[in-house]
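Descriptive analysis of the structure
Here are the chains, one letter per residue:
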Amino acid sequence: MNQSSLAFVRAVFREYYAKARLQAPPAIETREFGFLQFGEKSIIRHLSFSNIEQVRRFAAENGPASISYSTAYYRYPDRQPMVAKEPYRFDLAFDIDADHIPTKCKRQHDFWFCQICDVRGPGVRKKCPVCHSEVVLAKFVCPECMNAAKEHVRNLIDILEGELGLRMQQVQISFSGRRGFHVRIFDEEVGGLTSEERREIVDYILLKEIEPRRHGFAFEQRGGKRVLASGPAVREGAISRRIVQVVKRYLEAVEKKALAMPSFLRPSGALLKEGEVVWENLGLRTYDEIRQLIECANEYAGVSLDPMVTCDDARLLRMPSSIHGGTGLLVTVVDDLDQFDPFNDPVVLSDDPVNVHIHYSPNVVLRDQPLGPFKHEVRRLPLFAAIYLICTGVAEIVG
Amino acid sequence: MTGYGPFSTEEWIAHFPFSKEAREFLEQQGFSISTFFEFENKVVERALERVRDAVEQGHVLSPSLESGFKYDFEVETLSYPVAIYLVASLGNRWLIERYASAESKRVFACLQLKRYPAEAVLQLARGGLEWKWVTYDSVLKAFKVPVIKYVKYAVRIGGPAWKLVNQRVEEGVVLLSYEKFLRFISEGVRLRILERCSQPAPQLETDVYKKSIEYIRNLLSQTMRPIAPMPKSVDPGAFPPCIQQLLRSIEEGRHLPHAARFFLASFLLRVGVKPDRVVEIFSRLPDFNRKRTEYYVRHIAGEKGGKKAYLPYSCERARSYGLCSMSDVCRQLQVQHPLQYYIRYRRAKRRESE
């Protein structure tokens, strides 16, 4: 982002916060706040506010790229170092990001480009292959990956409610403003869990560090070969059911070639027969490979989440009702996940026209308006679309 | 305490002096602990024996379990709160942890040997430990523990066998077999004693009390050796704050969870401390078990099992286990791994001295 784009975006954000009605987090006076300024790399931390109006005024003055608040409740939220804050409770928070779910669409809409030599290519790359300078990474989202993220949120809620029996009256789902969702549980009993205990919950959700033998996996010697003879019996409880379910969906995707064949699978026949997994045909050789299969399957068809967000005691998460500096979209509390449209509902900026120069942009639909694909052109776009492209790093303001 | 089969209330109370029945018995006696320190008596004698067993062997022995051995159930029962009083009033962290762990081992041994009916065990958990949230399913033959409660105790026991992901979970409860639940209860006993000892008990002025305290101090000075020093090739001053914190915890005699032990052992091995020395450092832990620790340390060193030497957790992973001390120095050095800290810190120090 060049200097004039930077000034422009900052002014737009300031204006938003001048009139915004922000939603206060529960027990706001106990939270640590963090603000990220446009053009800066590190967050200003250790801030504390006693009411949401103070937050709004601070944001209206600075026009920050992000406003986030701690998952911890502190006695002294503004003290330093961290231990002096004296945390006494934590929200159980989860971060589900479409970026980490292995969907195929990514190669179509994520790309890198070099502003100097004007080369670009699909996927992720750090340096330009021609001039070796740092490239701009442009990551977009499409309905396919956002639907996958939604599916993972639903799976997570099912596990929390159905398997772990957590009270879900105090749960908040929010669209993170870009590629994913945050799920927060404000329950008091859960709030007493330490990071080590939250780690157990995360490992449970991610099916990590499974002992395959405890879940019915068994190898047998057949004709001098080690063959996986059985998998989990579904009646053995929720975990076994979940393992079978995600592995089934994963293998379906592998069979349909929607996913590449992973190195630990060495098929010796059909992977699935009449909708059931044929364990002996998978060619798995060790318990470690079983673990790998389960973790990959879960990442694809179960819940893919960032464990650090849940376990870290010092984590800050974006505040709902703030706007995301990478998109200009609203961090939105989602009441009805099925109905929520991430390309429409969080678009809150106006449609006043502005001129932008776009390096390159794939086809994006925002507020039902198709935008692009663009390539090296100056366009007059509604403000929300212009900000989206500038913040994503593929456009600059003109004039 | 009737209807649970062929065992007497007296035996039950002697085994489990924290049970509801024991509490009722103690209330009937209507004594205050300080009265036991007014004259020499068998209760204080037995209390000191409990502490001695704990300090010397890490396991309180149960005379009520020895066949043919006559024991006085009143002395057995009354000596439990008296021993806790002594341990709490000394306020030595190592002793507190050691005693709590030793009593919990005694309870576990009693439960394992006597194999009381599930209903009685349930009663012990609900009444004795005040775990109102535990139930027993006689059809599934399993104890039902709500997930959040389970996690609280299970992470302290540690190991893959206790990971939530390896349990049978249904609708918010973990189903535990009879055998596993016995271990679960004993962990509850340990935490309960720790809690009771966290409030320092007031010192008394009587001779019996002073003599008892003197006796325990003596025991400690004979048993608690100073922490094994680091070899010369290793520079403990360059250890990252998280590792120093763990070493301090060991020095203070604190109990360390499973993940912390792995983290510390893998770090020390990597910077060049020999497995035997690591075991010596761990020997200070209140629940130290030489055989198990040796196996474990050699395993991490890659000498046993999969022959794979383990690396310590990265900073990020350590943080997720609550092991990071979130120091500003780490932030300044921009380290992502505790070994990186050690290397950078040493390099910086060497440059300075040059």
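Residues numbered from 1 in each chain as written. Chains lettered and ligands numbered in written order. Predicted model: local features only at pLDDT ≥ 70, side-chain atom pairs only at ≥ 80, totals over all residues.

**Overview of the overall build of chain A**
Heads up, the rule is: Helical segments are the DSSP runs of H or I of at least four residues, strand segments are the runs of E of at least two, and each set is numbered from the N terminus. Computation of the radius of gyration draws on C-alpha atoms alone. For the globule rule, the value is 2.2 Å times the number of residues to the power 0.38. Counts of 20 or more other C-beta atoms within 10 Å of a residue's own C-beta define buried residues, counts of 12 or fewer define exposed ones, and intermediate counts define partly exposed ones; C-beta atoms are placed from the backbone. Contact between two residues is assigned whenever their backbone-derived C-beta positions fall within 7 Å.
Across its full length, chain A holds ten helices and 22 strands. For 399 residues, the compact-globule formula gives about 21 Å, and the C-alpha radius of gyration of chain A, at 23 Å, lands near that figure. Expressed as a percentage of its 399 residues, the buried residues of chain A come to 44%. Pairs at least 24 apart in sequence give 63% of the contacts found in chain A among residues at least 6 apart.

**A closer look at the sheet that holds strand E21 (residues 374-382) of chain A**
Residue and element names in this part refer to chain A. Stated formally: A pair of strands is considered paired only if DSSP assigns at least 2 bridges between the two. A fitted line through C-alpha atoms serves as each axis, taken over the contacting stretch for helices, and the angle formed by two N-to-C directions is quoted from 0 to 180°.
With antiparallel pairing, the three strands of this open sheet are ordered in space as E21-E18-E22. Unpaired on one side and paired on the other, E21 and strand E22 (395-397) mark the two borders of the sheet. For this sheet, the mean inter-axis angle between neighbouring strands, taken without regard to orientation, is 25°. Contacts from helix H10 (residues 383-392) reach strand E18 (353-361), E21 and E22, with the element oriented near 35° to E18.

**Things to note about the interface of chain B and chain A**
Just so we agree on the cut-off: Residues are grouped as follows: Ala, Val, Leu, Ile, Met, Phe, Trp, Tyr, Cys and Pro are nonpolar; Asp, Glu, Lys and Arg are charged; every other residue, Gly included, is polar.
If you look at the interface, chain B gives 26 residues, while chain A gives 35 residues. Sorting elements by how many residues they give to the side of chain B that touches chain A places helix H7 (residues 147-157) of chain B first, with five residues. Here the residues of the side of chain B that touches chain A are counted per class, giving 14 nonpolar, four polar and eight charged.

**Overview of the domain arrangement of chain A**
As a reminder of what qualifies: As used throughout, domain bounds are those supplied by an automatic or database domain assignment.
Domain annotation for chain A reports domain 1 (3-101 + 142-192 + 315-348), domain 2 (106-138), domain 3 (209-301) and domain 4 (349-399). Tallying the contact residues gives 14 residues for domain 1 of chain A and 14 residues for domain 4 of chain A.

**Comments concerning the environment of Val107 of chain B**
Residue and element names in this part refer to chain B. Mapping Val107 onto the fold places it in helix H5 (residues 93-114). Measuring from C-alpha to C-alpha, the distance between Val107 and His299 comes to 30 Å, with 192 residues separating the pair along the chain. Here Val107 is in contact with Phe16, Ser186 and Val189, once residues within four sequence places are set aside.

**Side note on the sheet that holds strand E4 (residues 173-176) of chain B**
Residues and elements named next belong to chain B. Within the open sheet, the four strands sit side by side as E1-E2-E4-E3. Their pairing is antiparallel. Looking at strand neighbours, the two that pair on one side only are strand E1 (135-137) and strand E3 (168-170), the edges of this open sheet. Between one strand axis and the next, the sheet turns through 35° on average, direction left out of account. Here E3 runs beside E4; their pairing, made up of three bridges, is antiparallel. Note that in E4 the partner of Val169 across the bridge is Val174.

**Regarding the domain arrangement of chain B**
Residue and element names in this part refer to chain B. Annotation of chain B at the domain level lists domain 1 (9-218) and domain 2 (236-353). Each of domain 1 and domain 2 has a C-alpha centre, and these two points are 32 Å apart. The interface is formed by eleven residues belonging to domain 1 together with nine residues belonging to domain 2. The set of elements that each furnish at least two residues to the side of domain 1 that touches domain 2 consists of H5 and H7. With five residues, H5 is the single largest residue contributor to the side of domain 1 that touches domain 2. Of the residues contributing to the side of domain 1 that touches domain 2, the split by class is two nonpolar, five polar and four charged.

**Considerations on the nonpolar core**
Rule in force here: Joined through C-beta atoms within 7 Å, a set of buried Ala, Val, Leu, Ile, Met, Phe, Trp, Tyr and Cys residues constitutes a nonpolar core.
Ranked by size, the top nonpolar core spans 167 residues in total, and within it Val247 of chain A together with Val87 of chain B carry the most contacts. Looking at this core element by element, the count peaks at ten residues for helix H4 (residues 73-90) of chain B. Excluding residues within four positions of it along the chain, Val87 of chain B makes contact with Val51, Leu95, Ile96, Tyr99 and Cys197 of chain B. Membership of the second largest hydrophobic core comes to 33 residues, among which are Phe263, Val278, Phe282 and Tyr296 of chain B.

**Observations regarding unusual backbone geometry**
All names here are of chain A. Here the bond from Gln80 into Pro81 is cis, since omega is -10°, no more than 30 degrees from zero. In the Ramachandran plot, Lys257 falls in the positive-phi region, its phi being about 65° despite a non-glycine side chain. Inspection of the secondary structure assignment puts Lys257 in the loop between helix H7 (238-255) and strand E14 (272-273). Positive phi outside glycine occurs at Asp368, with the angle close to 60°. Tracing the sequence through the fold places Asp368 in the loop between strand E19 (364-366) and strand E20 (369-371).

**Points about the packing of H4 of chain B against helix H8 (residues 178-197) of chain B**
Residues and elements named next belong to chain B. Selection criterion: We call two directions roughly parallel when the angle between them is under 35 degrees, roughly antiparallel when it is over 145, roughly perpendicular when it lies between 65 and 115, and oblique otherwise. Note on convention: near helix rotated counterclockwise from far helix by under a right angle means a left-handed crossing. Clockwise means right-handed.
Contact geometry of H4 with H8 gives a least axis separation of 9 Å together with a crossing angle of 55°. Taken as axis vectors, H4 and H8 run oblique relative to one another. Two packed elements cross with a definite hand, and for H4 against H8 that hand is right-handed. Here H4 contributes Ile84, Val87 and Ala88 to the contact with H8, which in turn contributes Ile193, Arg196 and Cys197. When grouped by side-chain class, the residues that make up the contact of H4 with H8 number five nonpolar, no polar and one charged.

**So, helix H16 (residues 338-353) of chain B**
Residues and elements named next belong to chain B. Rules: The span expected for a helix works out to 1.5 Å for each residue beyond the first. The arc in question is the one traced by the directions running from the helix axis out to the C-beta atoms.
With 16 residues, H16 should cover 22 Å at 1.5 Å per step; its first-to-last C-alpha distance of 23 Å lies within 8% of that length. For H16, the full list of buried residues reads Pro338, Tyr341 and Tyr342. Along the axis of H16, the buried residues cluster in a sector spanning 95°; they form a single face. Exposed residues pointing more than 90 degrees away from the buried face of H16 are listed as Arg347, Arg350 and Arg351. Lining the buried residues of H16 we find helix H10 (241-251), helix H11 (258-270), helix H14 (315-320) and helix H15 (328-333).

**A closer look at the environment of Val278 of chain A**
Residues and elements named next belong to chain A. By the secondary structure assignment, Val278 is in the loop between strand E15 (276-277) and helix H8 (287-301). For Val278, a count of 17 C-beta atoms within 10 Å corresponds to the partly exposed category. In the structure, Val278 is positioned eleven residues away from Pro267 in sequence and 10.0 Å away in space, judged by C-alpha atoms. Discounting chain neighbours no more than four positions away, the residues touching Val278 are Gly269, Ala270, Leu271, Leu272 and Lys273.

**Side note on the environment of Ile343 of chain B**
Residue and element names in this part refer to chain B. Relative to the elements of secondary structure, Ile343 occurs in helix H16. Take Ile343: there are 14 C-beta atoms within 10 Å of it, and that puts it in the partly exposed class. Between the C-alpha atom of Ile343 and that of Leu129, which follows or precedes it by 214 residues, the distance is 48 Å.

**Focus: H4 of chain B**
All names here are of chain B. As a reminder of what qualifies: Here the bend at a residue is taken as the angle between two axes, fitted respectively to the seven residues that end there and the seven that start there.
The first and last C-alpha atoms of H4 sit 26 Å apart over 18 residues, in line with the 26 Å expected at 1.5 Å per residue. The largest bend in H4 comes to about 30°, at Ser79, with the proline Pro81 one to four residues further on. Of all 18 residues that make up H4, 14 are buried, and the element is covered over most of its length.

**A few points about the pairing of strand E12 (residues 218-222) of chain A**
Residues and elements named next belong to chain A. The element E12 is barely covered by neighbouring structure, given that only zero of its five residues are classed as buried. With five bridges joining them, E12 and strand E13 (residues 225-230) adopt antiparallel strand pairing. Across the sheet, the residue bridging to Glu220 is Val227, located in E13. Hairpin remark: E12 followed by E13, antiparallel, with two residues in the connecting loop; positive phi at Gly223, about 55°.

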